[in-house]
Amino acid sequence: MKNKILYITLIGLIFSCNVLDQEPISDITGDNFFQNEGQVFAAVSGAYDIFQANTFGRDFFASASASSDESTTAPSGGNNNRANAHQVNADHGPARDLWREGYQGILRVNDIIENVPSVNDQALDLDNLREKYIAEAKFIRGFLFYRLSIWYGEIPIITKTTKSTDPDVIFVSRDPLPDVYAQVISDLEAAAEDLPETYSSELFTRGRATKGTAQAVLAKVYLRRAYSDFSEPNDFQQAADYAKLVMDSDVYELVPNAEYASIWTVGQQLTSESIWELLTETVEVNRGDDLYREFERQENGARARARILPSPKLLDMLNENPNDVRLTMIGDMDPDENFGFEKYTTKFNINGGIDMPNQIYLRLADIILVRALALNELGQTDDAIDLVNDIRDRAGIPDVSAATKEEAFDLIMNERLMELNFEGKRWYDLSMIPDNNYEFARTEFEDTGDTRSQMDESEVYQLRWPINNRELDLNTNLVQNPGYL
Amino acid sequence: MKNKLLHLIKMGMYYSVMGFMLQVILLQTVLATNSSAQDVKSVREIYISIDLNNLDPIQAFEAIESKTNYKFAYEKRMINRSVKINYKASNQSLAEILTEISKVTNLKFRQVNNNIDVKKINSKERKNVERVQIMTQTRTINGKVTAADAEGGLPGVNVVEKGTNNGTVSDINGDYSITVGEGATLVFSSVGYTTEEVVVGNRSVIDMTMIADIQQLQELVVVGYGQQTRADITSAISTVKGKDIDNIPVTAVDALLQGRAAGVQVVQNSGAPGAENYVRIRGNSSLLGQNRPLYIVDGVQMNNITANQLSNGGQLPTTTNDINPNDIASMEILKDAAATAIYGARASNGVILITTKRGQEGATKFTFDAYTGVQEVWKKLDLLNAEQYVDLRREAIENENALVGSSIPVPSFVQTTGFDTNWQEEIFRTAPVTDLNFSANGGNDKTKFFISAGYFDQQGTIIEQAYDRANFRINLDHKVTDKVKMGLNFTTSFSNNDQVFADFDTRNPLAAALVANPTLPVRNENGTFAQDPTNEVPNPVQLAKDITFTSKQKRVLGNVFAEYDILKNLSLRTSFSVDFLQDRQQRFVPTTVTGFEFGQALGGNFEQFLWNSETTLTYKKILNNKHDITAMAGISFLEREEYLLRTTGNNPATNIIPTIAVSNFTGINNYLTTYGLLSYFGRVNYTYDNKFLLMASLRVDGSSRFDPDQQFGYFPAASFGYRISEEEFMSGFGFLDDLKLRASFGITGNQDIFTDDFPSLARYGTGRDYLSSWPGIAQSSLSNPTLTWESTTQFNFGLDVSVLDSRVNLMADVYRKTTNDLLFGLPMPWSSGYSNTVDNIGSMVNEGLELVIGTDNIRGEFTWSTNFNIAFNRNEITSLPYFDPENPTASDFSQQQPDGLGTDGTRTVFRQGEPFGSFYGYKVLGVDPATGFIQYENVDGSVDEDGDPTLGISDRQIFGNALPLHTGGFTNDFAYKNFDLNIFMQWSYGNDIYNQTAAALNNMTGFFNQSANVLNRWQQPGDETDVPIALVTDPTGFAAVGANNREISSRFLEDGSFLRVKNITLGYNFAPSFLDRFNVSSLRIYASGRNLLTFTDYTGFDPESQNTSVQTAVGVDYLVQPQPRTYIIGLNLQF
């Protein structure tokens, strides 16, 4: 008996060995990733995923809309109210999240750019697949830097993944805007070089970066730089040229008037007009800050809050032509002012309100008007007005004409406001023209019809967002944007 | 308030000491009276005439006493006073009269000199009883009582003639004198000494030397991997006995420790059945790592954290619920490092050893315990009624339109409707609680057993909340041979927790009830639930009734063990333990709930399996009766696996079937992870002559959680004790029973960082999908191969004093705990792509003083004992990364709680030089009578041209702290005859609470209902108040630059001090003589009340309420369900 106890104990001890030898089962580690083409494909999917971050989508669309003169906000508008009244502070949630998620995306693409060249898988060598993946990553990086620089101004350029906690590495400084634009252009041009014009499916052609996508963003980047105080001599020409490349491509064409709504309608999207739309499958229901919830009119369901409403200015502009197809994208004007924006709602949706339309990041109408602006600045006002009239024809409203460059500029800008309303473009347009301490933006705000959103000279600092306090506290190399306490 | 509390505490101390003094004085007189031996005549020789007309026995005795010199001695409760005596005697002998009385009353009499002893005639003697016994042949005995352990006579010893009530007490010199009958036996007894019996024989002088009964010092204390007597303990260990925590209506074992042990802070944060309690031993020793203590149940490590519990919004359920409190024999709380270091890398937060009851040799004893009662919320918040609500909402819109020129319309629903719903009344209820427990124990010299079955059923004070649990236990000990023992401890438990959402969740019925519009009815005329027109607040009653949210847990916890005495001094013990927990989770939100038109379904299964094999060798030897050596060495293997499978879905085809099966799947989560711990440990105890006590131990732990180069950690400890009272030179201090000095040092570790088993690896996370058909993977954490344990070094100095027959026991400890290599989420700038990475950074110090005083204030027929404990702990974060002495706030780390209902989430901030638990935000100066705006303090005093503070985010400052200055408990036990009364009080002093509920109910924005406090709001210039102007959206910047009425600020900070009468129990023990008839050995019935009185200035529901969802945030009360007040009645039956 006694010996039995000893034996049992001994067997127990032997049986127990190796408890220290544990491997992660549910996790992928740095050692076992980036081994083959399939994993690279997964990493690229992970890079696009950053645009699906709830806050990211919200900030690109909702915050931009709420901040600009195309909207007013409902009383329960929360963060949108702050944006609308130009009272964003350094603790503003959307300003915090956009920075954080933007750089999270940059980490993901830097990881791809660093690792993909050395992945040992022959599948990557077929059809320049390796270069195409890297080009996609570079496109996303260029696009993120571009958007971040619009919101925050000078930003740190980070082109390597973070590998340690070394203060010299992680406490970065802001880089001057010319350097940021140089990086953006370099990334996008490299991407435009290697990206395919189309993919094997329409889903991917519209949903992933293509040559046309990179060229379209380049047109916008050159245009923005052309208006800045660090512009290069050929910027307007470059903007016009890149826009032309997109317009001339066989891939893109304006949808006809009758099909205008299809651009935003579930099941009909991936239209010929679409250059890049963020693919969205189902709504992540029950989140308080879903994009569509901000815009959806209340009769569409209890979930809808209609927090962002069209401004009287926008409604007046569109109502000048009651046949304007773009009015159909704004809900009925009933006495309770219960508006909604069909671009984000489920009106056209067939799956009981679960499916959400893809978000339209870039479409041809935008690029046509970018070219119009560039041509006008290059002195080709008539050509520019022709492009505006192309857009108006499609909208089903009469042509316009302009006697002067200034008149044409106003027409193009108004057309952009009407055509691209609530697509997150207007706020960027307002801050694109920095002349005379943003005189253009301040003037535009004056007739918005919403007294809260008027902007005096001391408030133009709000055209840029603040860097969140946590980031500033942690990284003393960063300096807050002027105006923010 | 603080002063009031202090006063109360002081008074309590004062009365205990006074009681004790009083008792010492009274001791000489309260017991038996001396009787005179002169002039003794037999009752047969005394003839009297007396008319006993319808007298009860006692009246009869008094009547006889008035006519004679005799004194009757009896216990009142023995006498049945309903028996009436009708007897008329004329010149009869007293013996005859007594015989007659005896026949009627069933009493017998025994004359000892002039005393007549009255006793009951028991059933066995009925036939042949000697009704009147006479013992006048007496002798007087004199003598002196001394104590073996002290010089001089021993006063206060009871000297009683056995079998009679005849007795006396030794005087101040220890002398006594007593007259007894022939053949008597004397019984000497005194508390603290062993009772002695002496047959008198023909002696007339009997001196007695009493031997101290050092039972209390000999009490066994469970320590890590062993047991020691209290006298030999050299570390800081608190013991809570099972009997002290019996029959208290709480769900979890932790709650029973509240206020019972110095230095153990237990906060019952929530009144939701099954919710976790906040337990901290000697403060927080980790910032982001685990701060919960380690629980060991009969040697089995228990998983007390359920990492993958379904979140209900703020409160974590606890798995310590699975231990049946009725099974517990004792709980030992190991506090200093000398006690805990034997548990090495898991011991930094202290260790709680739970020992369950075992079988005793002898006939099988059965125990049945039951209680039942009701619970109710003892306080409701005062909210606006319908009319006041409408007034406020209109005013807020008007104010804002006037101020900013907006034209916000008054919504059509802002009007009185004839309804005035008190939503709190609709969701709170009086809820029953019942506990039934049955156990049996017994055995012979070979096999002993303890088995129990229990059922606990508790409904929550919010409608639809319910928790019930069934427990079963078997503890078995079997002696195979003289040298081999085997046994098992096993418990299994099945619980069912029907929850409602809590705290931060928008589906929390309590939250909804506080802010719901009072003009709405509960239900529409057609019976459906009324919905809020703003879509912001779901119907509170519907939230409770229509949402399914259950967690069903099954638990098996236990071990088998064998012991083998290899040699006389050497024994081997091996055990194999398991802890298995399965939690099946089900959640369903129907499409009819506001905000959830798509519905929501969730089904999950979570499992934790832990096994542990431990083998120890123990060597014991006593040399020359002076050197006592015990050495132990052991090895332990432990492995834990966690598994989760959870699916979520929405858009259910029907609301009738509340499972995931009829929904569209939206997500599947499957998680499997393991970790292992390999340990070697050893300990040596050496005692010299019971005077010098030495202990040294070492544990070497290897954890799979770290990189192979960092896997092993060394955790040494040593302690020293000196029992001064054992010294020769102390022999003059007879009142001193024990005086011991203790000192200890040790290092312990903490390996529980977050909930992750591979913290040092760079990992890529799945689920970053662009399309479901195109799964995405992205980097989620940075690697850190140098990651290792948090280590805590602790020094402890203690003093144990026991004086005056153990009437006063004092235990004092001071300690200093320094945690280095704090495991912390090192914040990374977001520009790096990460938010943080786990690293060993920073250090923190806890130091404190603990005092426990136990006194027996009154002994005797009426007893009163007191236990008082108080603990002071000071915490300071002494080092954090990126610290810049020029700018001490720059290295602040803050974490935000979730927000909701128009409030901002509170921030806790970690700052070097400040304690854990600091609240961070704006300081409020008041409300400007001219404008109604809140004036916030500017950190540097700067003002703008109007003289207003130029407030910015950098003006936020630390405005309070959640840690108490001291906490404690105060227990008073009284017993008189068959009654016992326990009064238990508990307090916390000097802690702040951030009342975020008040922030939600006082910000006046939106269309939520508000606290009645806003009736004091500023309404016109000149109003002096602390409630600002009502504004419907309250845009940032109106009240002050960059701040509004909703800001996290000192406006919502409150003093959280409280003194609580936690428990009062009144019990009645039936007399054994009564129970004999039913073959019952003991029966006690009792009534008990919990949370009966609370003295506090806190305006929220309950000063103990706090959220637990964010580990770093303590002392925040946001819509936490308050603890109930509970009344129960119960019984304990043994047969």
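Enquirer: Explain the overall build of chain A to me, and be specific about the residues and the numbers.
Expert: A tally of helices and strands in chain A yields 19 helices and 5 strands. For chain A, the proportion of contacts with a sequence separation of at least 24, taken over those separated by at least 6, is 70%. Summed over its atoms, the accessible surface of chain A is roughly 17700 Å², and 46% of this surface lies on carbon and sulfur atoms.

Enquirer: Describe the packing of helix α2 (residues 37–49) of chain A against helix α5 (residues 93–115) of chain A, listing the residues and the values that go with them.
Expert: Residue and element names in this part refer to chain A. Relative to each other, α2 and α5 sit at 155°, their axes nearing to 8 Å. Viewed along their axes, α2 and α5 adopt a mutual orientation that is roughly antiparallel. Seen from above, α2 lies across α5 with left-handed handedness. Here α2 contributes Ala43, Val44, Gly46, Ala47 and Asp49 to the contact with α5, which in turn contributes Arg108, Val109 and Ile112. Residues that form the contact of α2 with α5 fall into these classes: 5 nonpolar, 1 polar and 2 charged.

Enquirer: Give a description of the sheet that holds strand β19 (residues 294–297) of chain B that names residues and reports values.
Expert: Sheets are built from strands paired through backbone hydrogen bonds, the pairs being either parallel or antiparallel. All names here are of chain B. Sheet architecture is open: 5 strands sit in the order β16-β21-β22-β19-β20, paired in mixed fashion. Lying at the two open borders of the sheet, with one neighbouring strand each, are β16 (237–241) and β20 (300–302). Going across the sheet, the axis of each strand differs from the next one's by a mean of 25°, ignoring polarity. Sheet topology places β19 next to strand β22 (residues 351–356); 4 bridges connect them, and they run parallel. Looking at β22, one finds that Leu294 is bridged to Val351.

Enquirer: Now, about the interface of chain A and chain B: what can you tell me, with residues and values included?
Expert: Contacts between chain A and chain B engage 83 residues on the former and 90 residues on the latter. Both sides together, the interface formed by chain A and chain B hides about 7600 Å², and carbon and sulfur atoms give 62% of it. Joining chain A to chain B, the criterion identifies 0 salt bridges. Our count for the chain A to chain B interface comes out at 17 residue pairs in polar contact (both at pLDDT 80 or more). At the level of elements, α1 (2–15), β1 (28–29), α2, α4 (79–84), α5, α9 (202–207), β3 (274–278) and α19 (469–474) of chain A are the ones that each hand at least two residues to the side of chain A that touches chain B. The sheet contact formed by β1(A) and strand β36 (residues 763–766) of chain B spans 2 bridges and is antiparallel. For A:Thr29, the partnering residue across the bridge sits in β36(B) and is B:Arg763.

Enquirer: Residues and numbers for helix α6 (residues 386–404) of chain B, please.
Expert: Residue and element names in this part refer to chain B. The first and last C-alpha atoms of α6 sit 27 Å apart over 19 residues, in line with the 27 Å expected at 1.5 Å per residue. The set of residues buried in α6 consists of Ala386, Tyr389, Val390, Leu392, Arg393, Glu395, Ala396, Ile397, Asn399, Glu400, Asn401 and Val404. One side-chain oxygen of the residue at the start of α6 lies 3.2 Å from the amide nitrogen of Glu387, identifying that residue as Asn385.

Enquirer: Before we move on, can you summarise the nonpolar core with the specific residues and values?
Expert: Within the largest apolar cluster, 135 residues are counted, with the highest numbers of intra-cluster contacts made by A:Phe34, A:Phe51, A:Phe139, A:Tyr152, A:Leu223, A:Trp276 and A:Trp427. Ranked by residue count, the leading element in this core is helix α6 (residues 129–152) of chain A, at 14 residues. If you count residues domain by domain, this core takes at least three from each of domain 1 (6–279 + 361–474) and domain 2 (285–356) of chain A. By size, the runner-up hydrophobic cluster in this structure holds 37 residues, among which are B:Trp423, B:Leu514, B:Phe529 and B:Phe596.

Enquirer: How would you sum up a nonpolar patch on the surface? Please name residues and give values.
Expert: On the surface, B:Phe745, B:Phe795, B:Phe797, B:Val814 and B:Leu849 cluster together into a nonpolar patch covering about 410 Å² of accessible area. If you trace the backbone, B:Phe795 turns up in strand β38 (residues 790–803).

Enquirer: Any chance you could break down the pattern of salt bridges for me, citing the residues and the numbers?
Expert: Using the criterion set out here, one finds 62 salt bridges over all chains in the structure. B:Arg1017 is paired through a salt bridge with B:Glu395; the nearest N and O atoms lie 2.9 Å apart. Placement of B:Arg1017 in the loop between α10 (996–1002) and β53 (1053–1055) and of B:Glu395 in helix α6 is noted, with a sequence separation of 622 residues between them. For the pair shown, B:Arg1017 and B:Glu395 are each scored as buried. The network of salt bridges with common partners includes A:Glu273, A:Asp324, A:Arg326, A:Arg363, A:Arg392, A:Arg394, A:Glu415, A:Glu419 and A:Glu423.

Enquirer: Would you mind going over the packing of aromatic side chains in detail, with residue names and values included?
Expert: A complete count under the given rule lists 65 aromatic pairs over all chains for this structure. Ring centres 5.4 Å apart and planes at 45° place the aromatic pair B:Phe61 and B:Tyr74 in the tilted group. Taken together, the positions of B:Phe61 in helix α2 (residues 57–67) and B:Tyr74 in the loop between β2 (71–73) and β3 (85–93) put the pair 13 residues apart, joining distant regions of the chain. Residue classification places B:Phe61 among the buried positions, given a relative accessible area of 0%. Residue classification places B:Tyr74 among the partly exposed residues on the basis of a relative accessible area of 22%. With a centroid separation of 5.4 Å and 50° between ring planes, the pair formed by B:Tyr922 and B:Tyr936 is classed as tilted. You can see B:Tyr922 sitting in the loop between β46 (918–921) and β47 (924–927) and its partner B:Tyr936 sitting in strand β48 (residues 934–936), a full 14 residues away along the chain. Across this residue pair, the class does not change: B:Tyr922 and B:Tyr936 are buried. Taken together, the ring pairs in this structure connect A:Phe41, A:Tyr48, A:Tyr133, A:Tyr199, A:Phe204, B:Tyr770 and B:Trp774 into an aromatic cluster.

Enquirer: Describe a negative patch on the surface, with residues and values.
Expert: A surface patch of negative charge is lined by A:Asp382, A:Asp383, A:Asp386, A:Asp390, A:Asp393 and A:Asp399. Along the chain, A:Asp382 falls in helix α15 (residues 381–395).

Enquirer: Describe the pairing of strand β25 (residues 447–459) of chain B, naming the residues involved and giving the relevant values.
Expert: Residues and elements named next belong to chain B. Relative to β25, strand β24 (residues 431–443) runs antiparallel, the two sharing 11 bridges. When the sheet's bridge partners are listed, Ala440 is paired in β25 with Ile451. Counted along the chain from β24 to the antiparallel partner β25, the turn is 3 residues long. As judged from the 13 bridges shared by β25 and strand β26 (residues 466–479), these two strands associate in the antiparallel manner. Across the sheet, Tyr455 pairs through a bridge with Ala470, a residue of β26. Here β25 folds back onto β26 in antiparallel fashion, the turn holding 6 residues, of which Glu464 has a positive phi close to 80°.

What counts, and at which threshold
- Residues numbered from 1 in each chain as written.
- Chains lettered and ligands numbered in written order.
- Predicted model: local features only at pLDDT ≥ 70, side-chain atom pairs only at ≥ 80, totals over all residues.
- Heavy atoms only, no water.
- Helix = DSSP H or I, 4+ residues; strand = E, 2+ residues; numbered from the N terminus.
- Contact = heavy atoms within 4.5 Å.
- Areas by Shrake-Rupley, 256 points an atom, 1.4 Å probe, with all protein chains shown as cover.
- Axes fitted to C-alpha atoms, helices over the stretch in contact; angles between N-to-C directions.
- Parallel < 35°, antiparallel > 145°, perpendicular 65-115°, else oblique.
- Left-handed = near helix turned anticlockwise from the far one by under 90°.
- Nonpolar A, V, L, I, M, F, W, Y, C, P; charged D, E, K, R; others polar.
- Pairing = 2+ DSSP bridges.
- Buried area = accessible area lost by both parts, 1.4 Å probe.
- Salt bridge = Lys/Arg side-chain N within 4 Å of Asp/Glu carboxyl O.
- Polar contact = N/O pair within 3.5 Å; in protein donor to acceptor, adjacent residues only side chain to side chain.
- Expected span 1.5 Å × (residues − 1).
- Buried < 20%, exposed > 50% of the residue type's maximum accessible area, 1.4 Å probe, protein only.
- Core = buried A, V, L, I, M, F, W, Y, C linked by side-chain atoms within 4.5 Å.
- Domains from an automatic or database assignment.
- Patch = residues over 30% accessible without salt bridge, like charges linked within 9 Å, V, L, I, M, F, W, Y side chains within 5 Å.
- Phe/Tyr/Trp six-rings, centres within 6.5 Å; stacked < 30°, edge-to-face > 60°.
- Lys, Arg positive; Asp, Glu negative; His and termini not counted.
- Charge placed at Lys NZ, Arg CZ, Asp CG, Glu CD.

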